[in-house]
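In case you want the letters, here they are:
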Amino acid sequence: MSAQRADARRNYLRILAVAEEEVAAHGADASFEQIARTAGVGSATVRRHFPSRLALLEAVSRERVEALRAHARDLTGSPGGDRYAVLMEWLDEVVAYCVRARGLAVALSYDGSVHDNSCSTTLQEAAGPLLGDAVRDGAMDPDVTAADLITLAVGLAMATEHHPEPTASAKRLLRLTTKGLSLRNPPCGGGISQVTLPAAGGVP
């Protein structure tokens, strides 16, 4: 590696370290100008490395997202066990990461949708085999997609970020919501006595 390339690499790593601190403190609204001042470079240099806010958030979140992918790979196809529970364990981690890592949920849902960015693509690819295991186990509706699950996890993290205990709230809502996606639960109304409604204009 040439000295020039080595300097550029060190420059990038210094900017990234500062960006991680700024995103941790200010979330998705971290200031490019403050990052530049703290790193001791010009704003143009920061924007050369991170040409958009999505690029910045993806770079800051990459290590966390890779850790989630690695864990999904470890869980996929492991012998025995409840495949639905394994999938839920991993989704719990996704939710917890999104709550704790400010900016990650925004990176995953940038421009209001979970698509067309490397973070969401990585997590969808990681979720696919776990979801496939649960579907083959007869535990999940085969119409559910990995994109559905990541969208759900990200949405719940963002919806509960201002709750007193956001991680616990998001995980509870994840459980309540995914019950409707699981084939192990009775259809709506199961176990509830049916009520006969009166005819229009009639008296009960």
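About the thresholds
- Residues numbered from 1 in each chain as written.
- Predicted model: local features only at pLDDT ≥ 70, side-chain atom pairs only at ≥ 80, totals over all residues.
- Heavy atoms only, no water.
- Helix = DSSP H or I, 4+ residues; strand = E, 2+ residues; numbered from the N terminus.
- Buried < 20%, exposed > 50% of the residue type's maximum accessible area, 1.4 Å probe, protein only.
- Contact = heavy atoms within 4.5 Å.
- Areas by Shrake-Rupley, 256 points an atom, 1.4 Å probe, with all protein chains shown as cover.
- Salt bridge = Lys/Arg side-chain N within 4 Å of Asp/Glu carboxyl O.
- Core = buried A, V, L, I, M, F, W, Y, C linked by side-chain atoms within 4.5 Å.
- Expected span 1.5 Å × (residues − 1).
- Bend = angle between axes of the 7 residues up to and from the residue.
- Phe/Tyr/Trp six-rings, centres within 6.5 Å; stacked < 30°, edge-to-face > 60°.
- Lys NZ or Arg CZ within 6 Å of the ring centre and 35° of its normal.
- pLDDT = per-residue confidence, 0-100.
- Axes fitted to C-alpha atoms, helices over the stretch in contact; angles between N-to-C directions.
- Parallel < 35°, antiparallel > 145°, perpendicular 65-115°, else oblique.
- Nonpolar A, V, L, I, M, F, W, Y, C, P; charged D, E, K, R; others polar.

Caption draft 1: Representation of the overall build of the chain within the structure. Helix and strand content of the chain: nine helices and zero strands. Along its sequence from the N terminus, the chain presents helices and strands in the succession α-α-α-α-α-α-α-α-α. Buried residues in the chain amount to 40% of all 204 residues. Pairs at least 24 apart in sequence give 66% of the contacts found in the chain among residues at least 6 apart. Here the chain has roughly 11300 Å² of accessible surface; of this, 53% comes from carbon and sulfur atoms.

Caption draft 2: Broad picture of the pattern of salt bridges. Using the criterion set out here, one finds five salt bridges in the structure. Close ionic contact of Asp133 with Arg83 constitutes a salt bridge, the shortest N to O distance being 3.4 Å. Of this pair, Asp133 sits in helix H7 (residues 118-136) while Arg83 sits in helix H5 (residues 83-100); the two residues are 50 residues apart in sequence, bridging distant segments of the chain. Taken as a pair, Asp133 and Arg83 share a single burial class, namely buried. Connected through salt bridges with shared partners, the residues Arg83, Asp133 and Arg136 form a single ionic network.

Caption draft 3: Highlighting the nonpolar core. Membership of the largest hydrophobic core comes to 38 residues, with the highest contact counts inside it found for Leu87, Trp90, Cys98, Leu123 and Met140. Those elements giving two or more residues to this core turn out to be helix H4 (53-75), H5, helix H6 (104-108), H7, helix H8 (146-159) and helix H9 (166-178). In terms of residues, this core owes the most to one element, H5, which gives ten residues. Those residues within four positions of Leu123 in sequence are excluded, and the remaining contacts are Val65, Leu68, Trp90, Val94, Leu108 and Ile150.

Caption draft 4: Broad picture of H7. Taking 1.5 Å as the rise per residue, H7 with 19 residues should run 27 Å; its terminal C-alpha atoms sit 28 Å apart, in good agreement. Along H7, the sharpest kink reaches roughly 30°, centred on Gly128 and followed within four residues by the proline Pro129. When we look at burial in H7, the residues that qualify are Cys119, Ser120, Thr122, Leu123, Ala126, Ala127, Leu130, Leu131, Gly132, Asp133 and Ala134. Note on H7: the residue one or two positions beyond its end, Gly138, has a positive phi of about 75°.

Caption draft 5: Highlighting the packing of aromatic side chains. Going through the model one piece at a time under the given rule, you end up with one aromatic pair. Seen from their ring centres, Tyr12 and Phe50 are 5.7 Å apart, and the 40° between their planes marks the pair as tilted. Linking Tyr12 in helix H1 (residues 3-26) with Phe50 in the loop between helix H3 (43-49) and H4, this pair joins segments that are 38 residues apart in sequence. For the pair Tyr12 and Phe50, one class covers both residues: buried. It is Arg47 that lies over the ring of Phe32; its NZ or CZ is 4.2 Å from the centre.

Caption draft 6: The arrangement of the confidence of the model for the chain in detail. A residue-level look at the chain finds 81% of positions with pLDDT of 70 or above and a mean pLDDT of 80. Confidence, read as mean pLDDT per element, is least for H6 in the chain (71) and greatest for helix H2 (residues 32-39) (94). Predicted confidence is poor over residues 186-204, with pLDDT under 50, and the contacts of this stretch with residues over four places away or in other chains come to three contacts.

Caption draft 7: Inspection of the packing of H4 against H7 at higher detail. Where H4 meets H7, the axes come as close as 9 Å, and the angle between the chain directions of the two elements is 10°. Considered as vectors, H4 and H7 are oriented roughly parallel to each other. Contacts between H4 and H7 involve Glu58, Ser61, Val65, Glu66, Leu68, Arg69, Ala72 and Leu75 from the former and Ser118, Cys119, Thr122, Leu123, Glu125, Ala126 and Leu130 from the latter. Of the residues in the contact of H4 with H7, the class split is eight nonpolar, three polar and four charged.

Caption draft 8: Structural context of the environment of Met158. Note on placement: Met158 falls in helix H8. Separated by 54 residues in sequence, Met158 and Leu104 have C-alpha atoms that sit 9.9 Å apart.

Caption draft 9: Examining the environment of Ala170 more closely. Among the structural elements, Ala170 can be located in helix H9. Judged by relative accessible area, which is 0%, Ala170 ranks as buried. Setting aside chain neighbours within four positions, we find Ala170 in contact with Val95, Val99, Leu156, Ala157 and Thr160.

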